Every structure is written in C-alpha cells, then in structure tokens.
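These are the residues of each chain, in order.
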Amino acid sequence: MFPAMPSNRATPVLAATLLGLFVALQGQEPATLRQVTADVPYVALDRGLNPVDAPVEPRHSISRERVSRRQRFLEGSVIVKFRDSATSVARAASLSRVGATSTLRPTWADFSIVTLADGESPEDAASALAARADVEYAQPRYRVRPLLVPNDPLYARQWNFSVLDMERAWDLNPGSSSSVIVAVLDTGVAYRNASITFVADRFVMSGVGTYPALGRVTIPFAAAPELGPSDRFVAPIDLIWGDNSPLDLDGHGTHVAGTIGQLTNNAVGTAGMAYNVRLMPVKVIDSDWDAVFGSPYEATDDVVARGIRYAADNGAKVINLSIGRDGAPAPAIRAAIEYAVRRGAFVVAAGGNEFEEGNPINRLAEFARDIDGMVAVGAIGPDRTRAFYSNVAPYIELAAPGGNSRSGVRDSGIIQQTYDPAQVDRFSLGPSRYGPPRFDIFTYDTYQGTSMATPHVSGFAALLIQQGISTPAAVEAVMERYATDLGTPGRDNEYGYGLINPRAALRGMGLIR
C-alpha cells in the first residue's frame, strides 16, 4: 500500500523508494512530455529469479498434509478385474474367500465393484483377491483428489498459496474465467511493448545532491511475459499521463497484477490467484520516474476517484486498490467507491502499512466497514500472524498473505514477476552514474505489504463471481462467513473476520469434491 508522502507528489513506498525526491519541472506542455515513438520495438528479457533473493525449500504444503490425514479409500468395497478366462465358479470361489456380499459392473467399466461384509478390510480383501489366479487385479477404492499443483517452477516459493490452501480451491474453480474483469488501480502495468520518448530535467535529491538533466531519452517498455497476451487487457487508461497507455514506470502495479492473474500451470515462473481473468490497467499512481519525466498529473484523490468510476463504467467486476494515504478524510473517493459498488464492482483496499508509524487511518480503506461490497485487507506472514507493518483498525475486515520479513522465515515475501530493480532504480548509482531506466527486463522479486495482501482478495473475489455470486455485498458476505478466525475469537481489528479461505467458501456454495 502507498501511504501519503511529505511532499507534493505521492510516491510509492517500496524497497527502493526515493524519500524526499524533489523534481524541478520546467513547465512543459503535457503533449511534449512523452511521445510513443514505436508500438512494438522491444521483446521482454526475463532474467528469472532475482539472484539477490535465492530460492529455498517450501515450508509446507497444507493440501498434501491434509490429504495424508484423510481416509484414503472407501470402506466396504473394492475394485476387482477378473481375468477373461475366469469361470463363474472360480469367480464365486474367490469372492467367497473375502466375504463378498454382492458385485456390480458399472457402466463404462471393465471391472466390478465388490461389496464386502461388514468389518472386512478393503486393503486385506484386495490383497487376497489379487493373489488369486483368476484375478487380474484388485484394489481398494482409493479417493482421487484432482489437486491442481501448478507446474510453474517458482510455485514452491509461493507459501502464500499454501497458506490459503489454493491447490484444493483451484480444484473447485480453476482460475475464474475471462468473463470476469479485474481492474488494477496502481502505478500501471507492464502490459504492452512500446518505445516512449520523455524529457528528463535536473532534480535535487535531499541528502544526495543534484542529478543532471538527461534531456530527451527514448525508453524501452515490454509486456511482462507472465501476464499473458495483449488481448487479455481491457480498456487500459492512464490518468497520470492523460492517455490510454498506463505503462508501469515502477514495478509495483505489475507485481500486484501478477498475484491476481499471473499465467499459471504453464511451466514458467510463478502462479496467480485467478489466472484466467482479464485485467484492466488503470494508472492512478505516479512513481519516481513519472515525477522525473514530468507527468502532468499526480496521484491525488480526484485522480483515484476518476479511476474507480472509470473501472466501474467499463465493466470491471473487481477493483483492486493496493494504494492509500493518511491525513484528512477522502469523501470524493468514498463517493466513487459507493458508485462502483452500485454498478456491481467489488472493491478491495489495502489496510495500511504504518502500524509502527503511529497506525494512522488509511483514508482509502476506512469506508470498508460502512460499505457492503467493499473490504479492507490486513497482511499476515508465513506463520499466519499479523505482519509487523499491517495497520490495526476497525475497518480491517479480512486478512491475506502480504509477507513478513520478521517472521524468521527466509522466504517470507510475496514473489511475482516485475521489472529488474537494477534497471529501474538508477537513482541509487548517484548523480555521477545516474542514467535512464529500462522497463523491458524482468525478474521474479519478493515484495511485502498490505499492497501484496490485497490482490489475493481480489483474485478470490473473481473466483466467487465466476461461480455466480452476482452482487458485491454477497461476495463480501461469503468471504467473511467462511474466513478462518485468527487472533482474538470473533471479529477483531488485527485480522477482521479472519484469513480468507477460498476452499471453504467454494465448498460452502455446494461445490464439493
């Protein structure tokens, strides 16, 4: 989540945030500030896992543990395949040896279901039958659980999905569908290839010095390989630059979009919650490079409110707000959220990352307790306890994985594909080596924050909507009813109603497997 900064521009709080950045703009007209010079000049370079953050073994797999504890087979019967040469007399003799009471030949089967006498062990009976010369095979009726364990190679690092029991939830709803549109209101999304010319003037960074003007620079952008093809993106809009190219100049929005809908089970990278949805990139947050390049608009309440209304008017069924601020109330944003909910959009907002900075109210999330169809989300770590930064407030209604670097677990963040930070954070090189960024090189990086918790809930909402829950209020009610209670029994200000539980919610709708 992005809190308000002590400056005129609302810059994101990420690992590489530039605190106190002052941009000396020269008053150019918006039309001269950037120019798309080519649509498809660059191909994304995926450098894989960020070497600074080496992979480790997964901590646990909830679904596999649960399967091992359940009864593995049905009692009272076994499956038997007699040899074609077996006579009826031989078959009857074999069945009498195990106390069989009846047999049934199901349709579309070349075997029989044999009912056993009360108390007979299916495993013992199957073993005895399999040893008979007239039996081709015999076995207990083992339970088959079609667990979707994605083959994405970095899925093992996504403890967040194990904590949510997503493998069994995906059994019931494999990734929602393209009929559901999720709007990502953020720093933009790496959704297209482009070459854009900007003008970068000098600026002063507090405590560092003066950074030189770069003049006219042409910056490469590429679509994130793991967010899918261009036709997956619906009605993109940029309210920071005032056009329809909401490209990410930071990486935050791309990371958030990945948790919602990263391509999944494609043997590449990581997985996403609702990997079949369509995504609507709505840029409402200006990042450091937007400021340096002189974007004509900033992340103010009116811009965010417009973005919310735009998303609702253009078919979004879920609106993800991994953003926020403190300070005075935000009635314009509240009105926009109420409008969106009336239009049928479920709104999910980050609860805030400032618990240790006085736990201020996140003014974009505080409406959640008053609006049926909007929820505010707190963050937990791998141990399912509140992350150290996650705000505690009456408006927190649900909790989801956001990461916690103090959990004692090495791999404790939320991993998704985003820009290579070495190519974006060019400010860290200092004024003498500072140069233009690149937005066509990607790695898999871990972030933490309620920003990262929020898209889990948005993806969950997409699953429920695809199952036929038609109103935002109903989506919220199902989520809260089936949440896993954490902390103080009942609703509390740390976890709200508890940790989202997609599997339990889908089962509660009658989707039992």
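Residues numbered from 1 in each chain as written. Predicted model: local features only at pLDDT ≥ 70, side-chain atom pairs only at ≥ 80, totals over all residues. Heavy atoms only, no water.

Chemist: Would you mind showing me how to read unusual backbone geometry here?
Modeler: It is generally the case that most residues other than glycine have a negative phi and that most peptide bonds are trans. Despite not being glycine, S176 has its phi angle at roughly 60°, a positive value. As for its placement among the helices and strands, S176 is situated in the loop between helix 5 (166-172) and strand 8 (181-186). The phi dihedral of A267 falls on the positive side, at around 65°, and the residue is not glycine. Its place among the elements puts A267 in the loop between helix 6 (252-261) and strand 14 (278-283). (Helix = DSSP H or I, 4+ residues; strand = E, 2+ residues; numbered from the N terminus.)

Chemist: Teacher, can you tell me more about the environment of Q262 here?
Modeler: By the secondary structure assignment, Q262 is in the loop between helix 6 and strand 14. Judged by its relative accessible area of 1%, Q262 falls in the buried class. Spatially, the C-alpha atom of Q262 lies 8.0 Å from that of Q416, the residues being 154 residues apart in sequence. Sequence-distant contacts of Q262, that is, excluding residues within four places in its chain, are made with E226, L227, A257, T270, A271, G272, Y275, Q416 and Q417. For Q262, the side chain forms a polar contact with the main-chain oxygen of E226, separated by 2.9 Å. (Buried < 20%, exposed > 50% of the residue type's maximum accessible area, 1.4 Å probe, protein only. Contact = heavy atoms within 4.5 Å. Polar contact = N/O pair within 3.5 Å; in protein donor to acceptor, adjacent residues only side chain to side chain.)

Chemist: Help me understand the packing of aromatic side chains, please; the structure alone is not making it clear to me.
Modeler: When we look at a pair of aromatic rings, we describe it by the centre distance and by the angle of the planes. Counted according to the given criterion, the structure contains 21 aromatic pairs. Between Y211 and F427, the ring centres sit 6.5 Å apart and the planes meet at 65°, which makes this aromatic pair edge-to-face. One end of the pair, Y211, is in strand 11 (residues 209-211); the other, F427, is in the loop between helix 10 (421-424) and strand 20 (441-447), with 216 residues separating them in the sequence. Each member of the pair, Y211 as well as F427, carries the same accessibility label: buried. Residues W289 and Y434 carry aromatic rings whose centres are separated by 5.9 Å and whose planes lie at 10° to one another, so their mutual orientation is stacked. Note that W289 is positioned in helix 7 (residues 288-292) and Y434 in the loop between helix 10 and strand 20, a separation of 145 residues in sequence. (Phe/Tyr/Trp six-rings, centres within 6.5 Å; stacked < 30°, edge-to-face > 60°.)

Chemist: Can you help me understand the packing of helix 6 against helix 11 (residues 450-466) in this one?
Modeler: For any two helices packed against each other, the geometry comes down to the angle between their axes and how far apart the axes lie. Look at helix 6 against helix 11: their axes get within 8 Å of each other, and the N-to-C directions meet at 35°. The way helix 6 lies across helix 11 gives a crossing that is right-handed. Together, H252, H255, V256, T259 and I260 of helix 6 and S451, M452, P455, H456 and S458 of helix 11 make up the contact between the two elements. Residues belonging to the contact of helix 6 with helix 11 are distributed by class as follows: four nonpolar, six polar and no charged. (Axes fitted to C-alpha atoms, helices over the stretch in contact; angles between N-to-C directions. Left-handed = near helix turned anticlockwise from the far one by under 90°. Nonpolar A, V, L, I, M, F, W, Y, C, P; charged D, E, K, R; others polar.)

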